[in-house]
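Descriptive analysis of the structure
So you can see what is in the structure, the chains are spelled out below.
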Amino acid sequence: MKDMNIMVVGVGGQGTLLTSRIIGKTALSAGYDVKLSEVHGMAQRGGSVVTFVRFGEKVNEPVVEEGCADILISFERLEALRYAHYLKKDGIIIVNDCRIDPMTVVIGAQSYPENIIETLKKDHVVYTINGQEIAESLGNGKVLNSVVLGLSAKFIGFTEEEWVKVIEQTVPPKTIEINKIAFKCGYEKY
């Protein structure tokens, strides 16, 4: 496998950080050098959360430069639009197709952009999934990150078994089974 630069973005509380840790641990368990970097912003208040996961034979820096990401995983549509410029020309975007209004929209200072997915598809390869809907159908909306990770795993690489092993080692013990089911739902999406 080649070196991989992944950017995971979302809104505080969506599981962005946990997802990045699972990606990093999976790559590490496969023998790669891994670097992670987290930018929390106003995560506790529903603000942007950005993480970078880089892995390969030897990785020197944790941050992905603009125009260098192989994969952008976004837990919210506007966050995908906000960070799409980090993608390489042949990079892909995986979007949890949901809307969470940022504070500027809530207070009426700005409007939420229309047709975000269509706009992204003009310049990028985009895969969408409604992780929230799938997670809620499983009885636990908090596992939407595992649904989105499942879809993302198909493009990152590694076997399903490698991913599931790391999920078992990383998520809280009481949530292992529901996270494995959520991951499988995303993994089988495309």
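For the structure given in this document, a descriptive report is provided here. All figures in this text were calculated on a predicted structure; none of them were measured in a lab.

Side note on the packing of aromatic side chains
On inspection of all chains with the given rule, the structure shows nine aromatic pairs. Measuring from centroid to centroid gives 5.6 Å for phenylalanine 55 and phenylalanine 158, while their planes differ by 40°, and the two rings are tilted. With phenylalanine 55 in strand 3 (residues 48–56) and phenylalanine 158 in the loop between helix 6 (144–156) and helix 7 (160–170), the pair connects residues that are 103 residues apart, well separated along the chain. The residues phenylalanine 55 and phenylalanine 158 share a single accessibility class, namely buried. Taken together, the ring pairs connect Tyr32, Phe55, Phe158, Trp163, Phe183 and Tyr187 into an aromatic cluster. Lysine 154 extends its terminal NZ or CZ atom over the ring of tyrosine 187, reaching a point 4.8 Å from the ring centre.

Section: the packing of helix 1 (residues 16–29) against helix 7
Remark: helix 1 packs on helix 7, axes separated minimally by 9 Å, with the N-to-C direction vectors making an angle of 125°. Between helix 1 and helix 7, the angle falls in the class oblique. Remark: the crossing between helix 1 and helix 7 carries right-handed chirality. In contact with Leu18, Ile22, Ile23, Lys25, Thr26 and Ser29 of helix 1, helix 7 contributes Glu162, Trp163, Val166, Ile167 and Thr170.

Considerations on the sheet that holds strand 2 (residues 33–39)
Read from one edge of the open sheet, six strands run 2-3-1-4-5-6, paired in mixed fashion. Since the sheet does not close on itself, it has two edges, and those belong to strand 2 and strand 6 (125–129), each with one partner. The sheet shows a mean angle of 15° between the axes of neighbouring strands, taken without regard to direction. Pairing of strand 5 (residues 87–96) with strand 6, which is carried by five bridges, proceeds in the parallel orientation. Within strand 6, the residue paired with valine 95 across the bridge is threonine 128. Here helix 1 sits on the sheet and contacts strand 1 (4–11), strand 2, strand 3 and strand 4 (69–74); the angle it forms with strand 3, its principal contact strand, is near 5°.

With respect to the nonpolar core
Formed by 37 residues in total, the largest nonpolar core has its most connected members in Ile6, Ile23, Phe55, Ile73, Ile156 and Trp163. It is helix 6 that provides the largest number of residues to this core, a total of seven residues. Leave out the neighbours within four places in its chain, and tryptophan 163 touches Ile22, Ile23, Thr26, Leu149, Ala153, Ile156, Gly157, Phe158 and Phe183. With 21 residues, the next largest nonpolar core counts Leu72, Ile93, Val105 and Ile116 among its residues.

A short note on the packing of helix 6 against helix 8 (residues 176–187)
Between helix 6 and helix 8, the shortest axis-to-axis distance is 6 Å and the interhelical angle comes to 45°. Classified by the interaxial angle, the pair formed by helix 6 and helix 8 is oblique. As for the relative orientation of helix 6 and helix 8, their crossing is right-handed in sense. When helix 6 is examined against helix 8, the residues Ser146, Val147, Leu149, Gly150, Leu151, Ala153 and Lys154 are found in contact with a partner set consisting of Asn179, Ala182, Phe183, Gly186 and Tyr187.

Some words on the pattern of salt bridges
Across all of its chains, the model carries 10 salt bridges by this definition. For arginine 77, the salt bridge is made with aspartate 97, and the minimal N-O distance between the two is 2.8 Å. Taken together, the positions of arginine 77 in helix 2 (residues 77–83) and aspartate 97 in the loop between strand 5 and helix 3 (103–106) put the pair 20 residues apart, joining distant regions of the chain. As a salt-bridge pair, glutamate 79 and arginine 82 come within 2.9 Å of each other at their nearest N and O atoms. Here arginine 82 and glutamate 79 lie together in helix 2, a separation of three residues that amounts to about one turn. In this structure glutamate 79 comes out as buried when scored by relative accessible area, which is 3%. By sharing partners, the salt bridges in this structure join Asp33, Lys35 and Lys58 into a single network.

Conventions and cut-offs
Here the residue numbering is sequential within each chain, running from 1 through the sequence in written order. In view of the model being predicted, local features appear only for residues whose pLDDT reaches at least 70, and side-chain atom pairs are presented and counted only at 80 or more, with totals across whole chains, interfaces and linings using the full set of residues. In computing side-chain properties, one takes all heavy atoms of the structure into account and sets aside hydrogens as well as water. Side-chain rings of Phe, Tyr and Trp, where Trp is taken by its six-membered ring, are said to pair if the distance between their centres is within 6.5 Å; with planes under 30 degrees apart they count as stacked, over 60 as edge-to-face, and otherwise as tilted. Think of it this way: any DSSP run of H or I at least four residues long counts as a helix, any run of E at least two long counts as a strand, and we number them from the N terminus. A simple rule labels every residue: compare its accessible area, found with a 1.4 Å probe on the protein chains alone, to the largest value its type can have, and call it buried under 20%, exposed over 50%, or partly exposed in between. Two conditions define a charge located above a ring, namely a distance within 6 Å from the ring centre to NZ of Lys or CZ of Arg, and an angle within 35 degrees of the ring normal. A fitted line through C-alpha atoms represents every axis, and for helices the fit uses only the stretch in contact; the resulting angles, taken between N-to-C directions, go from 0 to 180 degrees. Here the angle decides the label: under 35 degrees means roughly parallel, over 145 means roughly antiparallel, 65 to 115 means roughly perpendicular, and every other value means oblique. Left-handed describes a crossing whose near helix is turned anticlockwise from the far helix by less than a right angle; the clockwise case is right-handed. Only heavy atoms enter the contact rule, under which two residues are in contact if any of them lie within 4.5 Å. A pair of strands is considered paired only if DSSP assigns at least 2 bridges between the two. Residue types Ala, Val, Leu, Ile, Met, Phe, Trp, Tyr and Cys, when buried and joined through side-chain atoms within 4.5 Å, form a set referred to as a nonpolar core. Definition used for salt bridges: Asp or Glu carboxyl oxygen within 4 Å of a side-chain nitrogen of Lys or Arg.

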